[in-house]
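A structural walkthrough
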Amino acid sequence: PNLIYPGQKLKINGNAAKTSSKSSKSSIATKTYKIKKGDTFWELEEKHGWKHGTLQKLNPKLDPRTLQIGQKINIPG
């Protein structure tokens, strides 16, 4: 269950995914955080005890690999 191979067919329930993403966005209060040198989504999630993927859900248009110092992101708050 931990590996996906090229060409492998997966069954995904589209309705469940849509419901969970909508409910997770609306149920989390956010505030703004300014990126500092060395910050990554993973490091911030680990430091604050947030579930992995939380920052990507709150910032869906951002590429976490190209964060800039001084850039503002949404964080749980």
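Residues numbered from 1 in each chain as written. Predicted model: local features only at pLDDT ≥ 70, side-chain atom pairs only at ≥ 80, totals over all residues. Heavy atoms only, no water.

We now examine the overall build of the protein. Within the protein, the secondary structure is distributed over 3 helices and 2 strands. Listing the helices and strands of the protein from first to last along the sequence gives α-β-α-α-β. (Helix = DSSP H or I, 4+ residues; strand = E, 2+ residues; numbered from the N terminus.)

For the rest of this paragraph, the subject is the side chain of D39. Checked against the element boundaries, D39 lands in the loop between β1 (30-34) and α2 (41-48). Notably, D39 is buried but unbridged: the nearest opposite-charge side chain belongs to K47, and the N-O separation is 6.1 Å. Within polar-contact distance, the side chain of D39 engages the side chain of Y33 at 2.7 Å. (Buried < 20%, exposed > 50% of the residue type's maximum accessible area, 1.4 Å probe, protein only. Lys, Arg positive; Asp, Glu negative; His and termini not counted. Salt bridge = Lys/Arg side-chain N within 4 Å of Asp/Glu carboxyl O. Polar contact = N/O pair within 3.5 Å; in protein donor to acceptor, adjacent residues only side chain to side chain.)

Here the focus is the nonpolar core. With 9 residues, the main nonpolar core is built from Y33, I35, F41, L44, W50, L55, L67, I73 and I75. When sequence neighbours within four positions are dropped, the list of residues in contact with Y33 reads D39, L44, Q71, K72, I73 and I75. (Core = buried A, V, L, I, M, F, W, Y, C linked by side-chain atoms within 4.5 Å. Contact = heavy atoms within 4.5 Å.)

Okay, the confidence of the model for the protein next. Confidence in the prediction of the protein, expressed as mean pLDDT, is 82, and 78% of residues score 70 or more. Residue range residues 16-25 is modelled with pLDDT below 50. Its contacts to residues more than four positions away, or to other chains, number 3 contacts. (pLDDT = per-residue confidence, 0-100.)

Turning our attention to a nonpolar patch on the surface. Residues I4, L10 and I12 make up a contiguous nonpolar surface patch of about 350 Å² in total accessible area. Mapped onto the fold, I12 is located in the segment before α1 (14-27). For I12, a relative accessible area of 69% gives the class exposed. (Patch = residues over 30% accessible without salt bridge, like charges linked within 9 Å, V, L, I, M, F, W, Y side chains within 5 Å. Areas by Shrake-Rupley, 256 points an atom, 1.4 Å probe, with all protein chains shown as cover.)

Let us look at α2. When α2 is considered as a whole, its buried residues turn out to be F41, L44 and E45. Seen end-on, α2 carries its buried residues on one side only, within an arc spanning 100 degrees. Opposite the packed face of α2, turned more than 90 degrees from it, sit the exposed residues W42, E46 and K47. Residues of α2 that are buried sit in contact with β1, α3 (54-58) and β2 (72-76). (Arc of directions from axis to C-beta.)

On to the side chain of E45. Relative to the assigned elements, E45 resides in helix α2. Despite its burial, E45 pairs with no opposite charge; the closest candidate is K57, at 9.2 Å N-O. Engagement of the side chain of E45 in a polar contact is seen with the backbone nitrogen of L55, the distance being 3.0 Å. Look past the residues within four positions of E45 in its chain and what remains in contact with it is W50, K51, H52, G53, T54, L55 and Q56.

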